[in-house]
Structure formats: C-alpha cells, structure tokens
Amino acid sequence: PTRLLDLGSQGCTQSSDIRLVSYENGFRYIALSHRWGGSQHFTTTRFNVHNHKRGIRFADLPKTFQDSIVVARSLDIRYLWIDALCIIQDDENEWHGEALLMGNIYRNAECTIAVHDAPDDSAGFLEASLQSPKSVSIECAQDNTSLTVSLRSNFRAAVDRSELTRRGWVLQERYLSSRTLHFTETSIFLEDGSSSFPSLLAADPFDSRLSPFNIGTRMHNQKYDFAWFKLLERYSATKLTYESDKLPAISGLVKLLQQDIQGRFVMGVWDTMFHKGLLWAAHLYPLMRPRHRRAPSWSWVS
C-alpha cells in the first residue's frame, strides 16, 4: 500500500491517537474489509491528508474503525490499512492507481478483518461478536465429520450469505487474502489457507473445487477456464454502488491470475479463451442496461 495507519508502539493504550504514514518495506499490517454504507463518516481527502499525517484522535473515528484498531493492537500488529483513510478519496488518479494495487495490498497483509454485519463504518462489530451467547471449543480432526458439517453450515449462513459478501469489491478481498478473520453477529471465524491442518472452513461451500486457497493452483494446472467462469458467476451476482467500478473491483484478482493465464484481459474477456468468454447470458430477463456505456455489448461487463 502507499499509506498505512500507524497505531503506535507496543504498550499504547487502546484510545491512543494514530497517524497516517507512508508504507516502508518490512511493515506488518492488517487490512480491513467492510461495508461503506450510504454515507462515509470519516475519510482522507486532499483537504485533510496533512492533518491525518500529524495525528487522528481515536475518539473521532467511527466505531468500525475503532474496533479494527483494537483488534490489530490486540494481535500486536502496529499498522492497519483502511481504504477510506489510506487512499485520498477525492483524488481520482490516485484512486484508480490504488485500485490496481488492491491485489497486493490484501495478499501482503498479515490478516484481513472482514466485518460482515455492520451496515456502515459507524456500527462497529466487536460488541456483537464477543457477546455471542454460544461458546465452542474446537479440536481439529479429520474424522470429526459432524463437527465439520456443522461448522460449514454456520459459516455459510454467517459469512457466505452476508451482506458484506454480496458486495462486489469484497470478492477479490477475500480471495486475495492469505487469512481472514470473519466477524459476524454470532461468531468469529478464521479462514486460513496457510495452515498445515486440513481446514474446516477453507473449502468454499458454493463449490468444493474452487476456494480462496486453491484458485492459484487451479490456474497453474491449466484449469483456469472452469475456475475463472465460476468466479465470474459469483462476481457478477454481487452489488456495486457505482456502475463504473465493475472492472476496477476485480482488477486486483485479474492482475494476479494474469501470471497463470498469460493472456490479455479485454473488456472483461480473456483473449486466450475469447470464444468461451462470449458465451454468457443474463440471469434475469429483460436485461437491465446500465445508465452509462461501460463496455461493448458482447462483454458481460455491459
């Protein structure tokens, strides 16, 4: 990332102030995945960026951002990346440049915090997740089939069907993260692709052949046509606040997959499987045309 939030050295109180700093090699950081909602209560702009570099009062931040800082400090991670604060929101050139870096931002984070049930940045998430009436201790075991099925069922309901997961930008955030802490109203899930244990949660409930942690392998094994189109089906069913975000919101994932597909991405279609890329159909009829032309009619992006 270009910038990060410096949460202070070890021993800082949870209410200590933070500041915006430039990224340097070696910085370990956590990334936040959240819903913006209808209005943004606290962002970085060209007007206030220099003030944010001098310092931001913890008490001035919306609750979701405060809770993210609490989690990062509890995990002894000094730096935090929040899109609304680390990208200058009214600088269109910077915004488009950062969108292209999104893949690396989430891939290189120590962890991603995914806030599933907060409708906007003011709602927070720790209180609901930590005051859940149920407490479960889990021992990972391959033969514990009933536990695995129960966990996947809960995971599907709380994570894969949440409002956050229905947002367009979030798909690549989840697929590109090395591990994700999912905060829901009833539970906290860790989805981790680097564990040596067989993960109970990493298998994607939509299709066991494609998950956030095996898509790279599938591309490498020349299975990219199946993997890409399954991914596209999920992405095209999500919601975007701005129609113009349809290609930028998946650009980080495209950039990563380009290493394996080794082709050009032309208006949403890979030239190495162009004939298949034209074989799309709208799920609903009549097809709802966007207000602004964003791609040729032969592309699913249209």
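An account of the accompanying structure is given in this report. Because the structure is a prediction, the values reported are computed rather than measured. (Residues numbered from 1 in each chain as written. Predicted model: local features only at pLDDT ≥ 70, side-chain atom pairs only at ≥ 80, totals over all residues. Heavy atoms only, no water.)

So, about the overall build of the chain. When helices and strands are counted, the chain shows eleven helices and nine strands. Burial analysis of the chain (302 residues in total) assigns 46% to the buried set. Taking the contacts inside the chain whose residues are at least 6 apart along the sequence as the reference set, 69% of them involve residues at least 24 apart. As displayed, the chain offers around 16,200 Å² of accessible surface, 50% of which is attributable to carbon and sulfur atoms. (Helix = DSSP H or I, 4+ residues; strand = E, 2+ residues; numbered from the N terminus. Buried < 20%, exposed > 50% of the residue type's maximum accessible area, 1.4 Å probe, protein only. Contact = heavy atoms within 4.5 Å. Areas by Shrake-Rupley, 256 points an atom, 1.4 Å probe, with all protein chains shown as cover.)

So, about the packing of aromatic side chains. One pass over the full model with this rule turns up eleven aromatic pairs. Between the aromatic rings of tryptophan 228 and tryptophan 270, the centroid separation amounts to 5.8 Å while the plane-to-plane angle is 80 degrees, which identifies the pairing as edge-to-face. Placement of the pair is tryptophan 228 in helix H9 (residues 224-236) and tryptophan 270 in strand E9 (residues 269-270), with a sequence separation of 42 residues. Residue tryptophan 228 shares its accessibility class with tryptophan 270, and that shared class is buried. (Phe/Tyr/Trp six-rings, centres within 6.5 Å; stacked < 30°, edge-to-face > 60°.)

The element strand E6 (residues 179-183) is largely enclosed, with a buried count of four among its five residues. In the sheet, strand E5 (residues 111-115) pairs with E6 via four bridges, with the strands oriented parallel. In the strand pairing of E6, threonine 112 is matched with threonine 180. In this sheet, strand E7 (residues 188-192) lies alongside E6 in antiparallel orientation, the contact comprising five bridges. Note that in E7 the partner of arginine 179 across the bridge is aspartate 192. The antiparallel pairing of E6 with E7 creates a hairpin that spans four residues between the two strands. (Pairing = 2+ DSSP bridges.)

The next subject is the sheet that holds E6. An order of E2-E1-E4-E3-E5-E6-E7 is seen for the seven strands of this open sheet, with the pairing classed as mixed. The open sheet has two edge strands, strand E2 (19-22) and E7, and neither has a second partner. On average, each strand axis in the sheet is inclined to that of its neighbour by 30 degrees, with strand direction left out of account. Direction of pairing for strand E3 (residues 29-33) relative to strand E4 (residues 79-81): parallel, over a ladder of three bridges. Within E4, the residue paired with tyrosine 29 across the bridge is tyrosine 79. Across the face of the sheet, helix H4 (residues 92-107) comes into contact with strand E1 (3-6), E3, E4 and E5 while running at roughly 115 degrees to E3. (Axes fitted to C-alpha atoms, helices over the stretch in contact; angles between N-to-C directions.)

Okay, the side chain of serine 251 next. Tracing the sequence through the fold places serine 251 in helix H10 (residues 251-261). Within the local environment of serine 251, its side chain forms a polar contact with the backbone oxygen of alanine 99, the two atoms lying 3.3 Å apart. Not counting residues within four places of it along the chain, the set of residues in contact with serine 251 comprises Ala99, Leu100 and Gln172. (Polar contact = N/O pair within 3.5 Å; in protein donor to acceptor, adjacent residues only side chain to side chain.)

On to the packing of helix H7 (residues 168-176) against H10. Packed helix pairs are specified by the crossing angle of their axes together with the interaxial distance, meaning the distance between the axes. Running from amino to carboxyl end, H7 crosses H10 at an angle of 40 degrees, the nearest separation of the two axes being 8 Å. The orientation of H7 relative to H10 falls into the category oblique. Contact residues: H7 offers Leu171, Gln172, Tyr175 and Leu176, while H10 offers Ser251, Gly252, Leu253 and Leu256. Grouping the amino acids of the contact of H7 with H10 by side-chain chemistry returns five nonpolar, three polar and no charged. (Parallel < 35°, antiparallel > 145°, perpendicular 65-115°, else oblique. Nonpolar A, V, L, I, M, F, W, Y, C, P; charged D, E, K, R; others polar.)

With that settled, consider the packing of H4 against H10. Interaxial distance between H4 and H10 falls to 7 Å at its minimum, and their mutual angle equals 75 degrees. By the criterion of interaxial angle, the relationship of H4 to H10 is roughly perpendicular. Within the contact between the two elements, H4 uses Ala99, Leu100, Gly103 and Arg107 and H10 uses Ser251, Gly252, Lys255 and Leu256. For the contact of H4 with H10, a count of residues per class yields three nonpolar, three polar and two charged.

Positive phi, normally seen in glycine, also occurs at aspartate 76, with a value near 60 degrees. Residue aspartate 76 is classed as partly exposed on the basis of its relative accessible area, which comes to 44%. Within the chain, methionine 267 stands out as a residue other than glycine whose phi angle is a positive 50 degrees. Taking the relative accessible area as the measure of exposure, methionine 267 reaches 38% and is therefore partly exposed.

Bringing H4 into the picture now. Over its 16 residues, H4 runs 24 Å from end to end, which matches the ideal 22 Å to within 8%, given 1.5 Å per residue. For H4, the principal kink sits at leucine 101 and spans about 50 degrees. Those residues of H4 lying buried are Glu94, Glu98, Ala99, Met102, Gly103, Ile105 and Tyr106. (Expected span 1.5 Å × (residues − 1). Bend = angle between axes of the 7 residues up to and from the residue.)

This part takes up H10. Considered for burial, the residues of H10 that qualify are Ser251, Gly252, Leu253, Val254, Leu256, Leu257 and Ile261. In the stretch just after H10, glutamine 262 is the one whose phi turns positive, near 55 degrees.

A few words now on the nonpolar core. If you look at the biggest cluster of nonpolar residues, it comprises 63 residues, and the most contacted ones within it are Leu5, Leu61, Trp81, Ile82, Ile113, Trp228 and Leu253. Sorting elements by how many residues they give to this core places H10 first, with five residues. (Core = buried A, V, L, I, M, F, W, Y, C linked by side-chain atoms within 4.5 Å.)

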